[in-house]
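Here is how the chains run, residue by residue.
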Amino acid sequence: MNARIMQLVIGAAVVVWLLSGAMFQVYETEYAIKFRFGEIVRADYEPGLHFKIPLINTAAKFDRRVLTRNYPAEEFLTSEGKRLNVDFYVKWRVSDVGRYYQATGGDEEGAAARLAEVVKDGLKGVIAKRTIQQVVAAERAEFIGEILKLAGASVDQLGLTLVDVRVKRIDLPDEVSESVYNRMRQDFLRVASGLRAEGDEQAQRIRAEAERERTELLAIGNRDAEMIRGEGDAKAAETYARAYQRYPEFYSFHRSLQAYRKSLGQPNDVFVIAPEGEFFKYLKQSGR
C-alpha cells in the first residue's frame, strides 16, 4: 500500500514538473524567445501564458523597457584639434528581440558595451566637425539628431533602438580652459561694445530730436507771447487814449500818482529836483 502511494506521489510530481515545464508566462515588460535545441523557433510572443514542449523547447525572456546606461568620460577632438572630456549617458531599448539575441547573445552588459562604442563613434564624428565654442553652444536637438543619424544603422544591426543620448558634462583640459575663456570673453566684450555704440547712437538721436522739439516749442511760445503782448499793449494804448481824450485832467493826475508811487519813499534814494518843476504840480496844489 505504501509503495502504491509512493508511486502516485512520484507520478503526480512528474506531471506537475512536466506541466510547469510546458508553460511560461510573458509579462508586458518582457520579450520572449522560444528555442528548440538552442535554435530560435519563435520570438513574437504577446503578453500572457504560453506553452512549450519540455526537454525540447526552452524559453528566454528579455526586458522590453527603456534602459539607461551611464558611461565614463571619454576624450574627443574638436575641429581645432583641441581635446574635450565628454561625460554622457544613453537611453535604449530592444526593438527586435531575435536580432538582439543573435547579435549579443541576450547579454545586456555586452549589448551596452557594443552600444557605447557605436555612440562614441557618433560623438566623435559630431564633435570633430565643430569648434569648442560650437560644441558648448550647440542646440541639444541638433547635436543629438546628428548622433542618432550617424549611429542609427549600427544600432539597428544590434536589434536595438537608440532613444536618447544625453551629454551630462563637457570638461576642458586645463591648458585649453584659459584660452577658451579668454576667447569667449573677447567675443562678449565685442558684442557689448557694439551694443553700447548702438545705444549711444540712439541716445544722441533721441537727444537731438528732443532738443529740436524744445526749440520749436519755445519759438512757438515766444511767438504767441509776443502776439498776445502786442495785442495787450494795443488795447492798453487804446484805453489810455480814450481816457485822455475824455478826461485829460484826471488822466494826467493818475499818471502823476503812478510816478510818485514809483519814485518817492524808496530807501537810499536821493532826488535833486526843483520844487517849482512840473513833477510836483499836484503836490503843490494839494498843499494849498
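Located above this text is the structure these notes cover.
Computed from a prediction, not measured in an experiment: that's the story for all the values here.

(A) Up close: the environment of Leu84. Summarising the element assignment, Leu84 is placed in strand E7 (residues 83-94). Separated by 11 residues in the primary sequence, Leu84 and Ala73 place their C-alpha atoms 9.5 Å from one another.

(B) Here's a closer look at the nonpolar core. If you look at the biggest cluster of nonpolar residues, it comprises 35 residues, and the most contacted ones within it are Val90, Trp92, Leu115, Val119, Leu160 and Leu162. Elements with a contribution of two residues or more to this core: strand E2 (30-36), strand E6 (67-77), E7, helix H2 (97-104), helix H3 (108-128), helix H4 (132-137), helix H5 (140-157) and strand E8 (160-171).

(C) Quick peek at the sheet that holds E8. The 3 strands are arranged E6-E7-E8 in an open sheet whose pairing can be described as antiparallel. Edge positions in the sheet fall to E6 and E8, since each has one partner strand and no second. Between one strand axis and the next, the sheet turns by 25 degrees as a mean value, whatever way the strands run. Looking at chain direction, E7 and E8 are connected through 10 bridges and run antiparallel. Note on E8: the bridge partner recorded for Val90 is Val165. Where H3 meets the sheet, it contacts E6, E7 and E8, and its direction lies at approximately 40 degrees from that of E6.

(D) Representation of the sheet that holds E2 in the model. If you walk across this open sheet you meet the 3 strands as E3-E2-E5, and the pairing is antiparallel. Each edge of the open sheet carries a strand with a single partner, namely strand E3 (39-42) and strand E5 (57-63). The mean angle between the axes of side-by-side strands here comes to 40 degrees, regardless of whether they run parallel or antiparallel. In terms of strand pairing, E2 meets E5 through 7 bridges, oriented antiparallel. Opposite Glu30, over in E5, you have Asp63 as the bridge partner. Sheet contacts for H2: E2, E3 and E5; angle to E2, the most-contacted strand, approximately 65 degrees.

(E) Expanded view of the pattern of salt bridges. Following the criterion strictly, the structure yields 20 salt bridges and no others. Between Lys120 and Glu74 there is a salt bridge, with the nearest N and O atoms lying 2.9 Å from each other. Of the two residues, Lys120 sits in helix H3 while Glu74 sits in strand E6, which places them 46 residues apart along the sequence. Its relative accessible area of 25% is what places Glu74 among the partly exposed residues. Two residues, Arg166 and Asp164, come together in a salt bridge whose shortest N-O distance is 3.0 Å. With a relative accessible area of 10%, Asp164 lands in the buried category. Among the charged side chains, a network of salt bridges with common partners joins Arg69, Glu108 and Glu109.

Calculation criteria
Residues numbered from 1 in each chain as written. Predicted model: local features only at pLDDT ≥ 70, side-chain atom pairs only at ≥ 80, totals over all residues. Heavy atoms only, no water. Helix = DSSP H or I, 4+ residues; strand = E, 2+ residues; numbered from the N terminus. Core = buried A, V, L, I, M, F, W, Y, C linked by side-chain atoms within 4.5 Å. Buried < 20%, exposed > 50% of the residue type's maximum accessible area, 1.4 Å probe, protein only. Pairing = 2+ DSSP bridges. Axes fitted to C-alpha atoms, helices over the stretch in contact; angles between N-to-C directions. Contact = heavy atoms within 4.5 Å. Salt bridge = Lys/Arg side-chain N within 4 Å of Asp/Glu carboxyl O.

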